[in-house]
Amino acid sequence: MKNFSSFPLSAATSLWLSAFASSSFSQGPAPKENRPYQVQEIPMPKGIAPEIGGLGFTPSGKLVVVTRRTGVLMATPKATPAEMQWTRFSDQSLHNSNGLFVISDREILVSQMPELTRLIDHDGDGIADEYRTEASFNLSGAYHEVTAGPVPDGAGGFFIALNTASHSGFTLEHTRGTFSPVSRRGRNFASVPYRGWVMHWNPKTGLTPWAKGFRSPNGIQTGPDGALWVTDNQGDFRTTNPLYHVRKGLFYGHPSSLVWDPEYVKNQPDRDPLKQPMEELDAMRTPAAVLFPYGFSRSPAEPLFDLTGGKFGPFTGQMLVADAAAPRIIRVMLENVDDTLQGACVDFYSNDGLRNGSNRMTFSPDGTELYVGQTMREWAGPMEGLQRIQFKGGPVFEVLHMHLLKDGFELEFTAPVDPGTGEKPEAFETDTYWYKYSSNYGGPETAPRHTRPAQVQWSQDRRKVQLTYPHMEPQRVMRVVLSGLKSETQPLGHTMVAYTINKLAK
Amino acid sequence: MNSLPCFLTLLTLAPAILHPAAALAQAPAKGEPAKVSMKVLPGLIKFETTRFDVTAGAPVELTFSNDCVMPHNLILLKPEAEPAVIAAVNTMGLEGMEKHFVPDVPGIIAATKLLAPTQKEILTFNSPSQEGEYPYVCTFPGHWFTMRGVMRVRAAGAKLESPQKSGEKVVKVEDALKNSGISHTPLGTFEKPFVMRTFAPDPNLDPAVFKNHGVGKDAVKYDPATRLDITQAEKDPTTGVERQVPVVRKAEKGVAGAIAVNHGPEFSYVWDSTECRLLYAWRGGFLDMNSYWGKEPGAFRPKMYIPLLMGYLVYRASGAMPLAESADPAPLFLGYRMLHTGPEFRYQIGTRIYRESILPSITDGFKVKVTQESGPAALTWNVSPADTASVKVQPEKEGLLVSFKDRPEPPQSPPAQPSEPKSKKP
């Protein structure tokens, strides 16, 4: 309780509310039939629990769906979803399968709680007849010890993220893997190796630990440049929901996994990271590339890069992130600042038919449709099913990029912004805050401050605006709410952008 | 006073035309409580009403209906109490569910229980005599950031404004799981067995069969806010002196890497991918998954996740792994192929690779068929001392056929489930 009195909690919260409560980030949407992005429900066959753990497409264009307890299904997409003919590639109940990678029409990799499994259809009848265990994952017995991935490393191998256990679950008398009483303590814990790690697997080297310090990394993806990205969930040692750029060997802030790092316990077999001073842990950790405002994102899941070359609208190359506890898909605008990948987040799609619980996503082979699979067990209630978002064309008016400048930001738009709108600093109300690294379960935005640009400078073509602020500092999130901006055809679709400044622009 | 309930009913039916608030703006009849209707924006973790006014020192009747798919409560607080209340909630851990996330700290004016979806609760209380802004929040973990509002207490005679509503609209989407028609007691058939990877029950097996497992220990509960273990007061049974003792979470029984196979009501077994051996077999049903998957599709999903064994055991493994010698390394599970008889498991012990199928009989007993795919040494099945009377080993082409007679046991009473939050009965 003591540590809370140091936070101006109510102030932070009320500021937060004032930024969001007034609008749902969206100004007067266009009539439904004209909207560029539209959601469609895709019914699954009876007897299938539509809790989607993984999505992909086969080379022949079949959608592959792995469910968390009713096996693997395939169907060729149809314009009318109800006409899709589903077949069962596997009718087995895999253990909470939460990720897949399609090798071919006859072979897929699926992660389930105890292992990475290769499902192979040898005789070509459309049904897997071999379940080959490629790698085993340890389990203490908690429901929370799920997987994310596999995602390819570009060189024949794969990355898989392993969740920690939660204290809301339990530990078994006989654990799968060596039990460590030291790392059994904790709100979320890693009492068997390698919970809380991102693992690497390839057939030659087997399963090896790659990076540590994760809590509930329910989203993993490799980018077109080979960079590895992981989302994690707010909780202990996670003041809000982060997106991490993951590099080999680094530590990402949740300490329980450290007991399985030979370097960390060298000469100190009983070293307890939970007893290590926060300042030391803070100095060891790699910060998040993006800190999602809590509430805007409640439980980020799979990131996915738009590599459709414009088939899915103007956001080619950018990352979308599913959110499993809000009816929302987030868009992330990344950039390299002083050798650090960081950037901003903005709403891509929310409400308007999209279900809560979005967990996994994949693009259709032609790039015009984003398939979204939903599931969210336990605390967030039932939110499960399969949907797709179609890009119908037509004008899109959004923030396209947000670039950090030495003294502010440059915002780029997908269409020219009408003169007479966005002219004044009041159109760019900004609040800045940080998230203090804390062992506690979540936490408020700290040291919040309200500001606005001192100067607003539009480009000749009205597609870019430079916002100059009186003061810029690192270790801040700057959240800008844009008001009144219009294009020739419509008001700005999503009006809140939040940029995480780890490094200032030089 | 007679007209008031009718009036409210009318308003509820036509909320778009008239605000229920309109009634509140006028002081209720003398002695009648001011009625407040509080709803949830389903899925958005927000109260529908974000502000309402009451008169100081007057009775209030607040009806909180949870139309969301998540559990929620409503806690009305004194103006400065929130940081301490939220801090206390954050330290409640497992007790949170049991105590409805209502901590035992000062500053709480009124609180509902943790309401499951579709439940409602009526709170009656006297509004504070002090004018001011009194926040209300849902303290279910993660909800208080967004699920909040404020009760404004106004001086007697002051004008009460209409409640303020959140502007967000909720688009209803289908509960696809609720409509999926899946069974929580899945079954295969004798001819076409059903394979399930799951946490499986451990029906008090001989600990020797878990040779290659870690030894899970009871653990002391821990508070992330203070980074300390959680203790509670307890009276020493002999001296009667109160002392602080750690709150312990017991290790539980279960099998983590299990493969459960069902041949219909006639026969089921659990084969373990860690020990690479048959652990137990039973007849009369398969697994009741309600404790893992929730009582009904669409209901709040529980966190108790070891399914219950239905029927009666006919075999329990004991002793050392029958194919392993004492110097052997831990077995390595390689996967399985689906044959018409069911899965054929494949595993490696040292340099030896084995294939193993379980072949049940409808009426009595089952056979374990083992072939050695590669590696040195002849196949030897070391019969566990407990199995000598009921097990017969005979050589087969490239392997062994081990016949087991049923050893029926009385049906087990359902094992006491771990002391989990009683989420379905808040």
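Residues numbered from 1 in each chain as written. Chains lettered and ligands numbered in written order. Predicted model: local features only at pLDDT ≥ 70, side-chain atom pairs only at ≥ 80, totals over all residues. Heavy atoms only, no water.

*Asks:* Looking at this structure, how should I read the confidence of the model for chain A?
*Replies:* Parts of the prediction with low pLDDT should not have their coordinates interpreted in detail. Per-residue pLDDT for chain A averages 91, and the proportion of residues at 70 or more is 92%. Contacts of residues 1–31 of chain A to residues separated by more than four positions or lying in other chains number 66 contacts, the stretch itself having pLDDT below 50. (pLDDT = per-residue confidence, 0-100. Contact = heavy atoms within 4.5 Å.)

*Asks:* I keep staring at the packing of aromatic side chains and nothing clicks. Help me out?
*Replies:* The relative placement of two aromatic rings is captured by the distance of their centres and the angle of their planes. A complete count under the given rule lists 41 aromatic pairs over all chains for this structure. For the ring pair A:Phe57 and A:Tyr371, a centre distance of 5.5 Å and an interplane angle of 70° mean the geometry is edge-to-face. In this pair, A:Phe57 sits in strand 2 (residues 52–57) while A:Tyr371 sits in strand 26 (residues 369–374), placing the two residues 314 residues apart along the sequence. In terms of burial, A:Phe57 and A:Tyr371 fall into one category: buried. Centre to centre, the rings of A:Phe101 and A:Phe158 are 5.0 Å apart; their planes meet at 65°, and the pair counts as edge-to-face. In this pair, A:Phe101 sits in strand 6 (residues 100–104) while A:Phe158 sits in strand 11 (residues 158–162), placing the two residues 57 residues apart along the sequence. In this structure A:Phe158 comes out as buried when scored by relative accessible area, which is 7%. Each residue in the set A:Tyr131, B:Trp271, B:Phe333, B:Tyr336, B:Phe345, B:Tyr347 and B:Tyr354 is aromatic and connected to the rest through ring pairs, giving one cluster. (Phe/Tyr/Trp six-rings, centres within 6.5 Å; stacked < 30°, edge-to-face > 60°. Helix = DSSP H or I, 4+ residues; strand = E, 2+ residues; numbered from the N terminus. Buried < 20%, exposed > 50% of the residue type's maximum accessible area, 1.4 Å probe, protein only.)

*Asks:* Would you explain the pairing of strand 20 (residues 255–262) of chain B in this entry?
*Replies:* Remark: a regular strand shows side chains that alternate across the two faces of the sheet. Residue and element names in this part refer to chain B. Most of strand 20 sits out of view: eight of its eight residues are buried. As paired strands, strand 12 (residues 194–200) and strand 20 are joined by six bridges and run antiparallel to one another. Its bridge partner lying in strand 20, Ala200 is registered against Val255. Two elements, strand 20 and strand 21 (residues 268–272), share five bridges in a ladder whose sense is antiparallel. Within strand 21, the residue paired with Ile259 across the bridge is Trp271. Taken together, strand 20 and the strand that follows it, strand 21, pair antiparallel across an intervening segment of five residues, in which Gly264 is found at a positive phi of about 85°. (Pairing = 2+ DSSP bridges.)

*Asks:* Can you help me understand unusual backbone geometry in this one?
*Replies:* Note: most peptide bonds trans; most residues except glycine with negative phi. Residue and element names in this part refer to chain A. Looking along the chain, the bond that leaves Gly149 and enters Pro150 is cis, with omega of 10°. Between Pro193 and the following residue, Tyr194, the backbone shows a cis peptide bond with an omega angle of -5°. Inspection of the secondary structure puts Tyr194 in the loop between strand 14 (188–189) and strand 15 (197–202). Positive phi, close to 65°, is recorded for Asn267, a residue that is not glycine. Note on Asn267: relative accessible area 74%, which makes it exposed. Even without being glycine, Gln475 reaches a positive phi, approximately 55°. Topologically, Gln475 is positioned in the loop between strand 33 (464–468) and strand 34 (476–482).

*Asks:* I keep staring at the confidence of the model for chain B and nothing clicks. Help me out?
*Replies:* All names here are of chain B. Of the residues in chain B, 84% have a pLDDT of 70 or more, and the chain-wide mean is 84. Under a pLDDT of 50 for its full length, residues 1–26 has, in the predicted model, 17 contacts with residues more than four places off or in other chains. Here residues 417–426 is a poorly scored stretch, pLDDT under 50, and it has 28 contacts once near neighbours within four places are set aside; other chains count.

*Asks:* In this structure, what is going on with the pattern of salt bridges? I would like to understand it.
*Replies:* Should the charged atoms of two oppositely charged side chains come close, the side chains can pair. All chains considered together, the criterion is met by 44 salt bridges over all chains. With a closest N to O distance of 3.4 Å, B:Asp218 and B:Lys250 form a salt bridge. Taken together, the residues span a long stretch of sequence, with B:Asp218 in the loop between strand 13 (214–215) and strand 14 (219–220) and B:Lys250 in the loop between strand 19 (248–249) and strand 20 at a distance of 32 residues. The partner of B:Arg407 in a salt bridge is B:Asp387, with the nearest N and O atoms 3.0 Å apart. Residue B:Arg407 is located in the segment after strand 31 (399–404), and its partner B:Asp387 is located in the loop between strand 29 (366–374) and strand 30 (391–396); the two are separated by 20 residues in the primary sequence. One network of salt bridges, with partners in common, ties together A:Arg185, A:Asp272, A:Lys275 and B:Asp229. (Salt bridge = Lys/Arg side-chain N within 4 Å of Asp/Glu carboxyl O.)

*Asks:* Please clarify how the sheet that holds strand 18 (residues 228–231) of chain A should be interpreted in this entry.
*Replies:* Within a beta sheet, neighbouring strands are joined by backbone hydrogen bonds and run either parallel or antiparallel to one another. Residue and element names in this part refer to chain A. Pairing is antiparallel across the open sheet formed by four strands, whose spatial order is 17-18-19-20. Each edge of the open sheet carries a strand with a single partner, namely strand 17 (219–222) and strand 20 (290–292). Averaged over all pairs of adjacent strands, the angle between their axes in this sheet comes to 15°, without regard to strand direction. Pairing between strand 18 and strand 19 (residues 241–246): four bridges, direction antiparallel. Looking at the pairing, Trp229 lines up with His245 of strand 19. (Axes fitted to C-alpha atoms, helices over the stretch in contact; angles between N-to-C directions.)

*Asks:* Explain the interface of chain A and chain B to me, please; I cannot follow it from the model alone.
*Replies:* One frequent convention defines the size of an interface as the accessible area lost when the parts assemble. Listed by partner, the interface residues are 90 residues for chain A and 84 residues for chain B. When chain A packs against chain B, close to 7400 Å² is buried across both sides, 57% of that on carbon and sulfur atoms. Across the chain A-chain B interface, the total number found is four salt bridges. As a salt-bridge pair, A:Glu173 and B:Lys253 come within 2.9 Å of each other at their nearest N and O atoms. (Buried area = accessible area lost by both parts, 1.4 Å probe.)

*Asks:* Sorry if this is basic, but what is going on with the environment of A:Tyr349 here?
*Replies:* Residue and element names in this part refer to chain A. Inspection of the secondary structure puts Tyr349 in strand 24 (residues 340–350). Spatially, the C-alpha atom of Tyr349 lies 9.3 Å from that of Gln38, the residues being 311 residues apart in sequence. Residues in contact with Tyr349, not counting those within four places in the same chain, are Tyr37, Gln38, Val39, Pro327, Arg328, Ile329, Leu354, Ile389 and His494. Of note is the side chain of Tyr349, whose polar atom sits 2.8 Å from the backbone oxygen of Asp352. (Polar contact = N/O pair within 3.5 Å; in protein donor to acceptor, adjacent residues only side chain to side chain.)

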